[in-house]
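Structure at a glance
One letter stands for each residue in the lines below.
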Amino acid sequence: MSGGLDSSVVAMLLQEQGFDLVGITMRTYTGNMSTTKSGTGGNEQDINDARILAEKLGFPHYVVDIQDDFKNHVIGNFVSEYMQGRTPNPCVLCNVKIKWSTLVEKAEQFDCEFIATGHYAQLAEKDGRYFLQQGVDEVKDQAYFLWGLEQKSLKNTIFPLGKFHKSEIRKMAEERGFDDFAKKKESFDICFVQGGDYRDFLNEYVENIETKIAEGDFVDTEGNILGKHNGHPFYTIGQRKGLGVAAAYPLYVSRIDVETNKITLAQRDELDSFEIWVKDYKLSKYEEIPENVEIETKVS
(Lines give C-alpha, C1' and ligand atoms only; values in the text may rest on other atoms or scores of the structure.)
Protein backbone atom coordinates (compact mmCIF):
# COMPACT_ATOMS: atom_id res chain seq x y z
CA MET A 1 0.00 0.00 0.00
CA SER A 2 1.70 3.16 -1.21
CA GLY A 3 -0.95 5.48 0.16
CA GLY A 4 -1.97 6.41 -3.37
CA LEU A 5 -5.16 5.87 -5.31
CA ASP A 6 -4.35 2.61 -7.07
CA SER A 7 -3.26 0.40 -4.16
CA SER A 8 -6.04 1.88 -2.03
CA VAL A 9 -8.72 0.86 -4.53
CA VAL A 10 -7.14 -2.60 -4.69
CA ALA A 11 -7.74 -2.94 -0.95
CA MET A 12 -11.37 -1.85 -1.37
CA LEU A 13 -12.02 -4.28 -4.23
CA LEU A 14 -10.40 -7.28 -2.57
CA GLN A 15 -12.22 -6.73 0.68
CA GLU A 16 -15.52 -6.57 -1.20
CA GLN A 17 -14.61 -9.87 -2.85
CA GLY A 18 -14.29 -11.49 0.58
CA PHE A 19 -10.52 -11.51 1.09
CA ASP A 20 -9.02 -11.05 4.55
CA LEU A 21 -6.38 -8.35 4.16
CA VAL A 22 -3.05 -7.38 5.67
CA GLY A 23 -1.65 -4.05 4.49
CA ILE A 24 2.07 -3.55 3.92
CA THR A 25 3.67 -0.16 3.25
CA MET A 26 7.39 0.16 2.58
CA ARG A 27 9.49 3.08 3.70
CA THR A 28 12.03 3.34 0.90
CA TYR A 29 13.66 6.74 0.91
CA THR A 30 13.44 9.71 3.23
CA GLY A 31 15.95 12.00 1.58
CA ASN A 32 18.46 11.84 4.44
CA MET A 33 20.87 9.29 2.98
CA SER A 34 23.24 12.04 1.86
CA THR A 35 23.30 15.80 1.69
CA THR A 36 21.03 15.70 -1.36
CA LYS A 37 18.09 18.05 -1.53
CA SER A 38 16.53 16.21 -4.44
CA GLY A 39 14.85 13.48 -2.41
CA THR A 40 11.17 13.40 -1.71
CA GLY A 41 11.81 14.50 1.85
CA GLY A 42 10.10 11.37 3.06
CA ASN A 43 6.84 9.63 2.24
CA GLU A 44 5.37 9.91 5.73
CA GLN A 45 2.13 11.48 4.48
CA ASP A 46 1.60 8.59 2.07
CA ILE A 47 2.36 6.09 4.83
CA ASN A 48 -0.15 7.82 7.08
CA ASP A 49 -2.78 7.79 4.30
CA ALA A 50 -2.31 4.04 3.88
CA ARG A 51 -2.66 3.52 7.64
CA ILE A 52 -5.85 5.59 7.80
CA LEU A 53 -7.41 3.65 4.93
CA ALA A 54 -6.58 0.33 6.59
CA GLU A 55 -8.16 1.56 9.82
CA LYS A 56 -11.33 2.64 8.00
CA LEU A 57 -11.60 -0.70 6.21
CA GLY A 58 -10.74 -2.60 9.37
CA PHE A 59 -7.62 -4.62 8.55
CA PRO A 60 -4.10 -4.58 10.08
CA HIS A 61 -1.41 -2.40 8.53
CA TYR A 62 2.36 -2.63 8.91
CA VAL A 63 5.21 -0.37 7.84
CA VAL A 64 8.42 -2.09 6.72
CA ASP A 65 11.64 -0.09 6.57
CA ILE A 66 13.67 -1.10 3.50
CA GLN A 67 15.79 2.05 3.25
CA ASP A 68 19.16 0.33 3.53
CA ASP A 69 18.41 -2.20 0.78
CA PHE A 70 16.85 0.52 -1.33
CA LYS A 71 19.91 2.73 -1.00
CA ASN A 72 22.43 -0.04 -1.61
CA HIS A 73 20.71 -1.79 -4.49
CA VAL A 74 18.31 0.61 -6.22
CA ILE A 75 20.00 3.99 -5.78
CA GLY A 76 23.44 2.42 -6.01
CA ASN A 77 22.56 0.78 -9.33
CA PHE A 78 20.90 3.98 -10.58
CA VAL A 79 24.06 6.01 -10.02
CA SER A 80 26.38 3.30 -11.32
CA GLU A 81 24.48 2.88 -14.57
CA TYR A 82 24.50 6.59 -15.40
CA MET A 83 28.21 6.83 -14.56
CA GLN A 84 28.80 4.00 -17.06
CA GLY A 85 26.87 5.77 -19.82
CA ARG A 86 23.69 3.73 -19.55
CA THR A 87 20.13 4.70 -18.66
CA PRO A 88 18.69 2.67 -15.74
CA ASN A 89 15.09 1.90 -14.85
CA PRO A 90 15.12 1.84 -11.03
CA CYS A 91 11.47 0.78 -10.78
CA VAL A 92 12.24 -2.57 -12.45
CA LEU A 93 15.05 -3.35 -10.03
CA CYS A 94 13.09 -2.13 -7.03
CA ASN A 95 9.99 -4.18 -7.80
CA VAL A 96 11.78 -7.41 -8.55
CA LYS A 97 14.75 -7.34 -6.18
CA ILE A 98 13.40 -5.37 -3.23
CA LYS A 99 9.63 -5.05 -3.01
CA TRP A 100 8.57 -8.55 -4.05
CA SER A 101 11.12 -10.25 -1.87
CA THR A 102 9.80 -8.20 1.05
CA LEU A 103 6.19 -8.99 0.18
CA VAL A 104 6.90 -12.72 -0.11
CA GLU A 105 8.61 -12.67 3.28
CA LYS A 106 5.70 -10.82 4.90
CA ALA A 107 3.11 -13.03 3.21
CA GLU A 108 4.76 -16.07 4.75
CA GLN A 109 5.01 -14.34 8.13
CA PHE A 110 1.30 -13.46 8.17
CA ASP A 111 0.19 -16.70 6.52
CA CYS A 112 -1.19 -14.90 3.45
CA GLU A 113 -1.96 -16.94 0.37
CA PHE A 114 -1.65 -14.13 -2.17
CA ILE A 115 0.13 -10.84 -2.79
CA ALA A 116 -1.88 -8.04 -4.40
CA THR A 117 -0.57 -4.75 -5.82
CA GLY A 118 -1.90 -1.72 -7.65
CA HIS A 119 0.07 -2.31 -10.85
CA TYR A 120 -1.79 -2.02 -14.13
CA ALA A 121 -0.90 -5.47 -15.43
CA GLN A 122 -2.61 -8.77 -16.09
CA LEU A 123 -1.55 -12.30 -15.29
CA ALA A 124 -2.14 -15.29 -17.53
CA GLU A 125 -1.36 -19.00 -17.24
CA LYS A 126 -0.60 -21.63 -19.88
CA ASP A 127 0.61 -25.19 -19.35
CA GLY A 128 1.31 -24.47 -15.70
CA ARG A 129 3.47 -21.41 -16.40
CA TYR A 130 2.49 -17.88 -15.42
CA PHE A 131 3.28 -14.80 -17.47
CA LEU A 132 2.45 -11.10 -17.57
CA GLN A 133 0.23 -9.37 -20.09
CA GLN A 134 -0.41 -5.70 -20.70
CA GLY A 135 -3.05 -3.95 -18.68
CA VAL A 136 -6.21 -2.89 -20.51
CA ASP A 137 -5.21 0.76 -20.05
CA GLU A 138 -2.27 0.94 -22.45
CA VAL A 139 -1.31 4.41 -21.19
CA LYS A 140 -0.98 3.12 -17.62
CA ASP A 141 0.36 -0.37 -18.45
CA GLN A 142 3.06 -1.39 -15.96
CA ALA A 143 3.64 -5.02 -16.91
CA TYR A 144 7.11 -4.21 -18.23
CA PHE A 145 8.15 -3.02 -14.74
CA LEU A 146 7.69 -6.58 -13.52
CA TRP A 147 9.40 -8.65 -16.21
CA GLY A 148 11.92 -10.13 -13.77
CA LEU A 149 9.46 -11.79 -11.40
CA GLU A 150 9.94 -15.50 -10.77
CA GLN A 151 7.25 -18.13 -11.38
CA LYS A 152 6.59 -18.53 -7.65
CA SER A 153 6.00 -14.80 -7.27
CA LEU A 154 3.74 -14.59 -10.32
CA LYS A 155 1.69 -17.60 -9.25
CA ASN A 156 0.81 -16.00 -5.93
CA THR A 157 0.23 -12.43 -7.14
CA ILE A 158 -3.06 -10.72 -7.95
CA PHE A 159 -3.33 -7.61 -10.15
CA PRO A 160 -6.91 -6.38 -9.64
CA LEU A 161 -6.45 -3.22 -11.72
CA GLY A 162 -5.22 -4.85 -14.91
CA LYS A 163 -8.67 -4.98 -16.49
CA PHE A 164 -9.57 -1.37 -15.72
CA HIS A 165 -8.73 2.11 -17.00
CA LYS A 166 -7.41 4.77 -14.63
CA SER A 167 -10.60 6.81 -14.98
CA GLU A 168 -12.60 3.82 -13.74
CA ILE A 169 -10.37 3.50 -10.68
CA ARG A 170 -10.93 7.14 -9.74
CA LYS A 171 -14.66 6.66 -10.10
CA MET A 172 -14.55 3.57 -7.86
CA ALA A 173 -12.89 5.57 -5.09
CA GLU A 174 -15.48 8.34 -5.44
CA GLU A 175 -18.39 5.90 -5.36
CA ARG A 176 -17.06 4.39 -2.12
CA GLY A 177 -16.75 7.78 -0.45
CA PHE A 178 -12.98 8.13 -0.66
CA ASP A 179 -12.87 11.45 -2.52
CA ASP A 180 -9.47 12.36 -1.09
CA PHE A 181 -7.91 9.34 -2.78
CA ALA A 182 -9.82 9.94 -6.01
CA LYS A 183 -8.41 13.46 -6.24
CA LYS A 184 -4.81 12.49 -5.54
CA LYS A 185 -2.40 13.64 -8.23
CA GLU A 186 -0.24 11.11 -9.99
CA SER A 187 3.52 11.28 -9.75
CA PHE A 188 5.54 10.35 -12.81
CA ASP A 189 8.88 11.15 -11.19
CA ILE A 190 11.37 8.66 -9.84
CA CYS A 191 10.47 8.51 -6.15
CA PHE A 192 13.88 9.67 -4.93
CA VAL A 193 14.39 12.33 -7.62
CA GLN A 194 12.20 15.30 -6.85
CA GLY A 195 11.24 17.34 -9.89
CA GLY A 196 12.22 14.57 -12.28
CA ASP A 197 15.72 15.83 -13.15
CA TYR A 198 18.13 13.04 -12.36
CA ARG A 199 21.08 15.33 -13.19
CA ASP A 200 20.45 17.39 -10.07
CA PHE A 201 20.31 14.19 -8.07
CA LEU A 202 23.63 12.95 -9.45
CA ASN A 203 25.30 16.30 -8.80
CA GLU A 204 24.17 16.29 -5.18
CA TYR A 205 24.36 12.57 -4.40
CA VAL A 206 27.67 11.54 -5.99
CA GLU A 207 30.53 12.72 -3.83
CA ASN A 208 33.07 14.81 -5.75
CA ILE A 209 31.30 14.12 -9.04
CA GLU A 210 33.19 16.97 -10.68
CA THR A 211 36.40 14.96 -10.33
CA LYS A 212 34.87 11.82 -11.81
CA ILE A 213 33.48 13.25 -15.04
CA ALA A 214 34.71 15.86 -17.48
CA GLU A 215 33.59 17.84 -20.47
CA GLY A 216 33.90 16.03 -23.77
CA ASP A 217 33.09 16.31 -27.43
CA PHE A 218 29.78 16.03 -29.20
CA VAL A 219 30.56 14.43 -32.56
CA ASP A 220 28.52 13.47 -35.61
CA THR A 221 28.42 9.99 -37.11
CA GLU A 222 31.55 10.83 -39.14
CA GLY A 223 33.49 11.87 -36.04
CA ASN A 224 33.36 15.61 -36.71
CA ILE A 225 33.25 17.74 -33.55
CA LEU A 226 29.95 19.57 -33.12
CA GLY A 227 30.44 21.08 -29.67
CA LYS A 228 31.11 20.30 -26.01
CA HIS A 229 29.04 18.29 -23.54
CA ASN A 230 28.99 18.64 -19.74
CA GLY A 231 29.81 15.03 -18.89
CA HIS A 232 28.46 11.75 -20.26
CA PRO A 233 26.23 10.80 -17.26
CA PHE A 234 24.03 13.81 -18.00
CA TYR A 235 22.80 12.47 -21.35
CA THR A 236 20.68 9.52 -22.49
CA ILE A 237 20.24 7.72 -25.79
CA GLY A 238 17.50 9.38 -27.84
CA GLN A 239 17.77 12.71 -26.01
CA ARG A 240 17.07 15.78 -28.12
CA LYS A 241 16.51 18.70 -25.75
CA GLY A 242 19.23 20.38 -23.73
CA LEU A 243 22.13 19.49 -26.01
CA GLY A 244 23.21 23.08 -26.66
CA VAL A 245 24.27 22.31 -30.23
CA ALA A 246 22.96 24.44 -33.10
CA ALA A 247 22.15 22.62 -36.33
CA ALA A 248 19.87 23.01 -39.36
CA TYR A 249 17.98 19.86 -38.32
CA PRO A 250 17.10 18.12 -35.04
CA LEU A 251 19.90 16.08 -33.48
CA TYR A 252 19.58 13.22 -31.01
CA VAL A 253 22.02 11.35 -28.79
CA SER A 254 22.75 8.09 -30.60
CA ARG A 255 25.84 6.79 -28.78
CA ILE A 256 27.68 7.41 -25.51
CA ASP A 257 31.31 6.28 -25.43
CA VAL A 258 32.55 6.41 -21.84
CA GLU A 259 36.13 5.45 -22.70
CA THR A 260 36.66 8.32 -25.14
CA ASN A 261 34.14 10.61 -23.40
CA LYS A 262 32.52 11.31 -26.76
CA ILE A 263 28.79 11.54 -27.39
CA THR A 264 27.58 10.94 -30.93
CA LEU A 265 24.67 13.00 -32.23
CA ALA A 266 22.61 11.89 -35.21
CA GLN A 267 19.43 12.62 -37.10
CA ARG A 268 16.23 10.79 -36.26
CA ASP A 269 16.47 8.17 -39.02
CA GLU A 270 20.01 7.33 -37.94
CA LEU A 271 18.79 6.13 -34.54
CA ASP A 272 17.27 2.97 -35.96
CA SER A 273 19.09 -0.22 -35.01
CA PHE A 274 18.91 -3.75 -36.37
CA GLU A 275 20.72 -5.48 -33.53
CA ILE A 276 20.35 -5.45 -29.76
CA TRP A 277 22.42 -7.02 -27.01
CA VAL A 278 20.27 -8.43 -24.22
CA LYS A 279 21.98 -8.72 -20.86
CA ASP A 280 19.15 -9.92 -18.63
CA TYR A 281 15.96 -11.70 -19.59
CA LYS A 282 13.32 -13.87 -18.00
CA LEU A 283 11.42 -16.67 -19.71
CA SER A 284 8.00 -16.72 -18.07
CA LYS A 285 5.68 -18.17 -20.66
CA TYR A 286 8.22 -20.75 -21.86
CA GLU A 287 10.86 -22.86 -20.15
CA GLU A 288 13.19 -22.13 -23.07
CA ILE A 289 13.04 -20.00 -26.22
CA PRO A 290 11.12 -21.95 -28.89
CA GLU A 291 12.72 -22.49 -32.29
CA ASN A 292 11.71 -20.25 -35.20
CA VAL A 293 9.78 -17.88 -32.96
CA GLU A 294 9.34 -14.19 -33.66
CA ILE A 295 9.63 -12.18 -30.48
CA GLU A 296 8.41 -8.65 -29.88
CA THR A 297 10.28 -6.78 -27.14
CA LYS A 298 9.85 -3.60 -25.15
CA VAL A 299 12.89 -1.77 -23.81
CA SER A 300 12.36 -0.98 -20.14
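Quick caveat: nothing in here was measured; it's all calculated off a predicted structure.

**Describing the confidence of the model for the chain**
On average, the chain scores 90 in pLDDT, and the residues at 70 or more come to 96%. Low pLDDT (under 50) marks residues 32-42, which in the prediction has 31 contacts with non-local residues, meaning those over four places away or in another chain.

**Side note on the environment of D197**
Within the secondary structure layout, D197 lies in the loop between α7 (179-182) and α8 (198-205). Owing to a relative accessible area of 27%, D197 belongs among the partly exposed residues under this scheme. Taking the C-alpha atoms as reference, D197 lies 9.8 Å from F234; in sequence the two are 37 residues apart.

**Describing the pattern of salt bridges**
Within the structure shown, the criterion is met by 13 salt bridges. For R51, the salt bridge is made with E55, and the minimal N-O distance between the two is 2.8 Å. With R51 and E55 both in helix α2 (residues 44-57) and 4 residues apart, the pair spans about one turn of that helix. What makes R51 partly exposed here is its relative accessible area of 33%. The exposure class assigned to E55 is exposed, which follows from its relative accessible area of 54%.

**Points about the side chain of D141**
As for its position among the elements, D141 is in the loop between β5 (129-134) and α5 (151-155). Here G135 takes part through its backbone nitrogen, which lies 2.8 Å from a polar atom of the side chain of D141. At 3.4 Å, the side chain of D141 forms a polar contact with the backbone nitrogen of A143. Non-local contacts of D141, meaning those with residues more than four positions away in its chain, are made with Y120, Q133, Q134, G135 and K298.

**Here's the deal with a negative patch on the surface**
Taken together, the side chains of E174, E175, D179 and D180 define an acidic patch exposed on the protein surface. Contributions of two or more residues to the negative patch are made by α6 (166-175) and α7. Note that E175 resides in helix α6.

**Thoughts on the pairing of strand β8 (residues 225-229)**
Remember that side chains alternate between the two faces of the sheet whenever the strand is regular. The pairing of strand β7 (residues 216-219) with β8 spans 4 bridges and is antiparallel. Bridge pairing in β8 places G216 opposite H229. Taking the residues that link successive antiparallel strands as the turn, the β7-β8 hairpin has 5 residues, and the phi of G223 there is positive, at about 95°.

**A short note on helix α4 (residues 90-109)**
Helical periodicity: at 3.6 residues per turn, an α-helix aligns residues three or four positions apart in one direction. Here α4 is 20 residues long and its end C-alpha atoms lie 27 Å apart, about the 28 Å a rise of 1.5 Å per residue gives. In this fold, the buried residues of α4 make contact with β1 (23-27), β2 (61-65), α3 (67-83), β3 (115-116), α5 and β6 (157-158). Two residues or fewer past α4, D111 is found with a positive phi of approximately 55°.

**Focus on the packing of aromatic side chains**
Using the criterion set out here, one finds 14 aromatic pairs in the structure. On the basis of an interplanar angle of 80° and a centroid distance of 5.8 Å, the ring pair of F70 and F192 is categorised as edge-to-face. Placement of the pair is F70 in helix α3 and F192 in the loop between α7 and α8, with a sequence separation of 122 residues. Pair check on accessibility: F70 and F192 agree, each one buried. Ring centres of F178 and F181 lie 6.2 Å apart, and the angle between their planes is 65°; this geometry places the pair in the edge-to-face category. What makes F178 buried here is its relative accessible area of 12%. Taken together, the ring pairs connect Y29, F70, F78, Y82, F192, Y198, F201 and Y205 into an aromatic cluster.

**Thoughts on the nonpolar core**
Formed by 45 residues in total, the largest nonpolar core has its most connected members in I75, F78, V79, F192, F201 and L202. Of all elements in the fold, only β1, α3, α4, α8, β9 (252-257) and β10 (262-266) reach the threshold of two or more residues within this core. Ranked by size, the runner-up nonpolar core spans 23 residues in total, among them L21, A54, L161 and I169.

**Considering the sheet that holds β10**
The strands that make up a sheet pair up through hydrogen bonds in the backbone, lying either parallel or antiparallel. Spatial ordering of the open sheet is given by β8-β7-β10-β9, a layout of 4 strands whose pairing is mixed. In this open sheet, the two strands that pair with only one neighbour each are β8 and β9. Direction aside, the axes of adjacent strands within the sheet are offset by 30° on average.

**Section: the pairing of β5**
Here 6 bridges tie strand β4 (residues 121-126) to β5, and the two strands are oriented antiparallel to one another. Directly across from A121, in β5, lies its bridge partner Q134. Counting the residues in the hairpin turn of β4 and β5 gives 2 residues, including D127, whose phi is positive at 55°.

**What to know about the packing of α3 against α4**
It is at 9 Å that the axes of α3 and α4 come closest, and there the two elements cross at 150°. By the criterion of interaxial angle, the relationship of α3 to α4 is roughly antiparallel. When you trace α3 past α4, the crossing you get is right-handed. Residues D69, F70, H73, V74, N77 and F78 of α3 lie in contact with α4, whose contacting residues are P90, L93, C94 and I98.

Reading guide: rules and limits
- Residues numbered from 1 in each chain as written.
- Predicted model: local features only at pLDDT ≥ 70, side-chain atom pairs only at ≥ 80, totals over all residues.
- Heavy atoms only, no water.
- pLDDT = per-residue confidence, 0-100.
- Contact = heavy atoms within 4.5 Å.
- Helix = DSSP H or I, 4+ residues; strand = E, 2+ residues; numbered from the N terminus.
- Buried < 20%, exposed > 50% of the residue type's maximum accessible area, 1.4 Å probe, protein only.
- Salt bridge = Lys/Arg side-chain N within 4 Å of Asp/Glu carboxyl O.
- Polar contact = N/O pair within 3.5 Å; in protein donor to acceptor, adjacent residues only side chain to side chain.
- Patch = residues over 30% accessible without salt bridge, like charges linked within 9 Å, V, L, I, M, F, W, Y side chains within 5 Å.
- Areas by Shrake-Rupley, 256 points an atom, 1.4 Å probe, with all protein chains shown as cover.
- Lys, Arg positive; Asp, Glu negative; His and termini not counted.
- Charge placed at Lys NZ, Arg CZ, Asp CG, Glu CD.
- Pairing = 2+ DSSP bridges.
- Expected span 1.5 Å × (residues − 1).
- Phe/Tyr/Trp six-rings, centres within 6.5 Å; stacked < 30°, edge-to-face > 60°.
- Core = buried A, V, L, I, M, F, W, Y, C linked by side-chain atoms within 4.5 Å.
- Axes fitted to C-alpha atoms, helices over the stretch in contact; angles between N-to-C directions.
- Parallel < 35°, antiparallel > 145°, perpendicular 65-115°, else oblique.
- Left-handed = near helix turned anticlockwise from the far one by under 90°.

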